[in-house]
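Here is how the chains run, residue by residue.
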Amino acid sequence: MITVPLYRAAHGRTGDKGDRSNISIIAWRPEFWDVLVEQVTETAVAELFAYRSPTRVQRYLLPQLQAMNLVLDGVLDGGVNSSLNLDSHGKSLSYLLLDLPIHIPDELAAILIGENDTD
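In this text the structure is predicted, and so the values were computed from the model without any measurement. (Residues numbered from 1 in each chain as written. Predicted model: local features only at pLDDT ≥ 70, side-chain atom pairs only at ≥ 80, totals over all residues. Heavy atoms only, no water.)

**Focus: the nonpolar core**
A general feature of soluble globular proteins is that nonpolar side chains tend to end up buried together. Let me state the cut-off plainly: Side-chain atoms within 4.5 Å link the members of a nonpolar core, which is a set of buried Ala, Val, Leu, Ile, Met, Phe, Trp, Tyr and Cys residues. With a 1.4 Å probe rolled over the protein chains alone, any residue whose accessible area is under 20% of its type maximum counts as buried; one over 50% counts as exposed, and the rest are partly exposed. A helix here means a DSSP run of H or I that spans at least four residues, while a strand means a run of E at least two residues long, and both kinds are numbered starting from the N terminus. Every residue pair with non-hydrogen atoms within 4.5 Å of one another is taken to be in contact.
Counting residues in each nonpolar core, the largest one holds 28 residues, and the members touching the most others are L6, I25, L36, L97, I102 and I104. Elements that contribute at least two residues to this core include exactly β3 (20–27), α1 (33–39), β5 (67–73), α3 (93–98) and β6 (101–104). What L6 contacts, discounting residues up to four positions off in sequence, is I25, L36, V40, L97, L98, D99, L100 and I102.

Dropping the structure here:
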């Protein structure tokens, strides 16, 4: 096993509505799907975002797309119109999630996206 940041195995998109952030994680390759399902759990995401005190984290799996949608409630300080924060409305939250350490089996290491391949 090797440990790498999630962005080496997946990419993400983020949206927001009110005080809810919606983060989609999409595997770069189908071979990474089982790893993502096993490790990018509601619990792991809630722990990663604990400093933002989410009231709930829900995960929706889309196996045909090798993707998942994570919905985090209560993480945007009330939302764009209610918050004085510059960027609390969620667009940057996928970058935090994409830095989550995951464990990849050695046999999948050769197909990981390289450190600079995502630029």
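**Here's the deal with the environment of P105**
For P105, the location among the structural elements is in the segment after β6. Each C-alpha atom, one on P105 and one on T3, is 8.9 Å from the other, the two residues being 102 residues apart in sequence. Once you skip the residues sitting within four places of it in the chain, P105 turns out to touch M1 and V35.

**Observations concerning the sheet that holds strand β4 (residues 56–62)**
Operational definition: Any two strands with at least two DSSP-identified bridges between them are counted as paired. A fitted line through C-alpha atoms represents every axis, and for helices the fit uses only the stretch in contact; the resulting angles, taken between N-to-C directions, go from 0 to 180 degrees.
With respect to topology, 4 strands assemble into an open sheet ordered β2-β3-β5-β4, the strand pairing being antiparallel. The open sheet has two free edges, formed respectively by β2 (10–17) and β4, since each of these has just one partner strand. Strand-to-strand twist of the sheet, defined as the mean angle between neighbouring strand axes without regard to direction, takes the value 15°. Where β3 and β5 come together, 7 bridges link them in antiparallel fashion. Across the sheet, the residue bridging to I23 is L70, located in β5.

**Observations concerning the pattern of salt bridges**
How we decide: The term salt bridge refers to a pairing of a side-chain nitrogen on Lys or Arg with a carboxyl oxygen on Asp or Glu at a separation within 4 Å.
Taken as a whole and assessed by the stated rule, the structure comprises 3 salt bridges. R20 is paired through a salt bridge with D73; the nearest N and O atoms lie 2.5 Å apart. On the criterion of sequence distance, the pair formed by R20 in strand β3 and D73 in strand β5 is long-range, its members being 53 residues apart. Judged by its relative accessible area of 39%, R20 falls in the partly exposed class. A relative accessible area of 11% means that D73 is categorised as buried. E31 is the salt-bridge partner of R29, the closest N and O atoms lying 3.4 Å from each other.

**Looking at the pairing of β3**
In summary, the side chains of a regular strand alternate between the two faces of the sheet. Pairing geometry for β2 and β3, over 8 bridges, is antiparallel. Counted as the bridge partner of R13 is S24 from β3. Two successive antiparallel strands, β2 and β3, enclose a turn made up of 2 residues, where G18 displays a positive phi of approximately 65°.

**Considering the confidence of the model for the protein**
In low-pLDDT regions, the fine details of the predicted coordinates are not to be read closely. Stated precisely, the cut-off is as follows: Within a predicted model, pLDDT stands for the predictor's per-residue confidence, ranging from 0 to 100.
Of all residues in the protein, 83% have pLDDT values of 70 or greater, and the mean over the chain is 86. When mean pLDDT is compared element by element in the protein, α1 scores highest at 98, while β2 scores lowest at 86.

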